[in-house]
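Below are the chains, spelled out letter by letter.
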Amino acid sequence: MAKYSDGHYDGPNGMHGVPTWRVAGFSLNNSATNCYLFMTWYVAYYLTGFVGAGVILAGSFSMISRIWDGVTDPFVGLIVDRTNGKFGKNRPFMVIGNVTMFVSVFLMYYVTPLLPQGIRLVWFFIINAIFYLGYTCQCIITKAGQSCLTNDPKQRPIFGVVDGICTPVVFALGEMLVSLVLVPKYGKMEALGVFQEMFLVMGISSVILTAIAFISIAPKDNIKYFGTGKEQKVGFKDYADVLMHNRAIQMLVASASTDKLGMNAKTTTVTLILFGIVAGNYALSGIVAGYTTIVTIAFILFGVGYIAREMGQKRALVVGSIGCVITNALMMALWWFGDPSTLSLPGDGAFTGFTFFTIAFVALYLIAQGMQNISSAVVITMTADCTDYETYRTGRYVPGMIGTLFSFVDKMVSSVAPMIASLMLAAIGFKDTMPDIGTPLTPQLKFVGLFLAFGILIIMNGVNLIAMHFYPLDKKKMEEIQDEIAAIKAKAATA
């Protein structure tokens, strides 16, 4: 095995990789965009509180934004696939994307309140559209960059391990920031200071994470490691061929998009209903996230670190989906038939001791979150396998295309989730205002909260299992693919 001064290595049959820290560092590119994804969870409150939108429009706004985000994906992906300049294929889009998001969110939260009421909504829509162009640029690189960073089947899942650890940490710290610091400081969710301080913390964090990812991928952002090692011309007609004939990306999209729909249905409003209204203590939201993150990481290390590396990524996704179906069904039954008002944990301001409900919920929640994060983490690394499969199938190296096809369908389906939540809330009377701290609990509100928190996940993870039955890339198939790609590269080099 040849090792080079910059730390990467070339192994037999065209295998190549980098020091483990570079795989781990590049995975933070996804954490950087997740900082902004976390902020979008709260945008409905900002729209109703400071932009002047109604509840249904606020709930639909996320869907509209995600549709726009999905529509721009193919265009950005095509530009990525045609890019190979002085700074490589991936790094320019990381920088452009992060800068665009930072400036856009600053304008949303600091300039919008200063404008006349009549133009705030139009202004917000325009700036939000620009924001999602930046979001698309950086998100695409999370998927596209993996395929040139390493193709070592033992090393590629490390990305999923680190990302699977960092993603729940980002969201847990974010929830703790909002529920334990900002909401108590300002007294309610619809306070301008909540959004401005949230942006400062999450935006600056995203810049730092992007810088680490930029440095990590630098030595491999080179055409030598792109697919067959030579430039190719691709066009929009190639998108249709990939979508129609690449069975791997078809099944991965079906799995990931429905999975994301289930997760996105559990909006910030649903979390507030669950902990702030049904259980009666919104501080529990951040406390639960903080307590469970460490155990969730253990599931990631086992599920992605062991199952994916030893048995293949497909097997890891199947195991995670089965676990999600079982645990979410049990949690929904516990919250409906049990007594959520007895839920209490040290640090929530009202702890009186551990109850049956507390112990049962925390145990199930730990397993459910762990299993869900196994599925979510491994999906991202599976897109790199789909990119290799396309090179094996047609000789084309199109990571931007694969990433954007995945993102486009994923966003179209998952964008429906906030709309589903808004329609269900409107159907039980919440047409002009969102449920907030102090809203009376009714059986209808409890059902909507539980269904959006647990019920949709049961259905969507069931779809995962069906899709994986037809997904062709198991561990044995990936070994065959890497051997064939190595042969293609060797032939091109000889010619």
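Throughout what follows, the structure given in this document is the object of discussion. (Residues numbered from 1 in each chain as written. Predicted model: local features only at pLDDT ≥ 70, side-chain atom pairs only at ≥ 80, totals over all residues. Heavy atoms only, no water.)

Counting its secondary structure elements, the protein contains 17 helices and three strands. Out of the 495 residues belonging to the protein, those deemed buried represent 59%. Contacts in the protein between residues far apart in sequence, at least 24 positions, make up 83% of those at least 6 positions apart. With an accessible surface of roughly 18800 Å², the protein has 69% of that area assigned to carbon and sulfur atoms. (Helix = DSSP H or I, 4+ residues; strand = E, 2+ residues; numbered from the N terminus. Buried < 20%, exposed > 50% of the residue type's maximum accessible area, 1.4 Å probe, protein only. Contact = heavy atoms within 4.5 Å. Areas by Shrake-Rupley, 256 points an atom, 1.4 Å probe, with all protein chains shown as cover.)

A few words on a nonpolar patch on the surface. A cluster of nonpolar side chains, namely Ile67, Trp68, Val71, Phe75 and Leu133, defines an oily patch on the protein surface of about 420 Å² accessible area. Sort the elements by how many residues they give to the nonpolar patch and helix α3 (residues 55-82) lands first, with four residues. Secondary-structure assignment places Phe75 in helix α3. (Patch = residues over 30% accessible without salt bridge, like charges linked within 9 Å, V, L, I, M, F, W, Y side chains within 5 Å. Salt bridge = Lys/Arg side-chain N within 4 Å of Asp/Glu carboxyl O.)

What follows is about the pattern of salt bridges. Scanning the entire structure with this criterion turns up three salt bridges. Note that Lys185 is salt-bridged to Glu197, the shortest N-O span being 2.8 Å. Taken as a pair, Lys185 in helix α6 (residues 156-186) and Glu197 in helix α7 (residues 192-217) lie far apart in primary sequence, twelve residues in all. With a shortest N-O distance of 3.4 Å, Glu480 and Lys477 are connected by a salt bridge. Taken together, the residues Glu480 and Lys477, both in helix α17 (residues 475-494) and three residues apart, mark about one turn of the helix.

Quick look at the packing of aromatic side chains now. Within this structure, the stated rule accounts for 19 aromatic pairs. Ring geometry for Phe102 versus Phe199: centroids 5.1 Å apart, planes at 50°, classification tilted. Taken together, the residues Phe102 in helix α4 (residues 91-111) and Phe199 in helix α7 connect sequence positions 97 residues apart. The class for Phe199 is buried, based on a relative accessible area of 1%. Through a chain of ring-to-ring contacts, three or more aromatic side chains come together here, namely Phe275, Trp335, Phe357, Phe361 and Tyr365. Positioned above the aromatic ring of Phe214 is the side chain of Arg91, whose terminal nitrogen or guanidinium carbon lies 5.6 Å from the ring centre. (Phe/Tyr/Trp six-rings, centres within 6.5 Å; stacked < 30°, edge-to-face > 60°. Lys NZ or Arg CZ within 6 Å of the ring centre and 35° of its normal.)

Right, let's get into a negative patch on the surface. On the surface, a cluster of negative charge is contributed by Asp474, Glu479, Asp483 and Glu484. Mapped onto the elements of the fold, Asp474 is located in the loop between α16 (443-469) and α17. Taking the relative accessible area as the measure of exposure, Asp474 reaches 37% and is therefore partly exposed. (Lys, Arg positive; Asp, Glu negative; His and termini not counted. Charge placed at Lys NZ, Arg CZ, Asp CG, Glu CD.)

In this structure, Phe195, Met198, Trp335 and Phe361 are the most contacted members of the largest nonpolar core, which totals 99 residues. Looking at this core, the element that brings in the most residues is helix α5 (residues 117-149), giving twelve residues. Excluding anything up to four places from it in sequence, Phe361 contacts Phe275, Val288, Met331, Leu334, Trp335 and Leu343. If you look at the next biggest cluster of nonpolar residues, it comprises 30 residues, including Ala256, Ile374, Cys386 and Phe406. (Core = buried A, V, L, I, M, F, W, Y, C linked by side-chain atoms within 4.5 Å.)

Let us look at the environment of Met460. Relative to the assigned elements, Met460 resides in helix α16. When the C-alpha atoms of Met460 and Ser257 are compared, they prove to be 8.9 Å apart, with 203 residues separating the residues in sequence. Once residues lying within four places of it in the same chain are set aside, the contact partners of Met460 are Thr258, Asp259, Leu261 and Gly262.

Moving on to the environment of Val99. Locating Val99 in the fold gives a position in helix α4. Val99 gets classed as partly exposed once you look at its relative accessible area, which sits at 47%. For the pair formed by Val99 and Phe131, sequence separation is 32 residues and the distance between their alpha carbons is 9.6 Å.

Moving on to the state of the cysteines. Following the criterion strictly, the structure yields zero disulfides and no others. Between Cys139, a cysteine without a disulfide, and Cys137, which holds the nearest cysteine sulfur, the sulfur-to-sulfur distance is 9.7 Å. A residue is classified by how much of its surface remains accessible, and Cys139, at 9% relative accessible area, is buried. (Disulfide = S-S within 2.5 Å.)

The next point concerns the packing of helix α1 (residues 20-40) against α7. Their axes nearest at 7 Å, the elements α1 and α7 cross at an angle of 155°. Here α7 runs roughly antiparallel to α1, going by the angle between their axes. When you trace α1 past α7, the crossing you get is left-handed. Among the residues forming the contact of α1 with α7, the class breakdown is 16 nonpolar, eight polar and one charged. (Axes fitted to C-alpha atoms, helices over the stretch in contact; angles between N-to-C directions. Parallel < 35°, antiparallel > 145°, perpendicular 65-115°, else oblique. Left-handed = near helix turned anticlockwise from the far one by under 90°. Nonpolar A, V, L, I, M, F, W, Y, C, P; charged D, E, K, R; others polar.)

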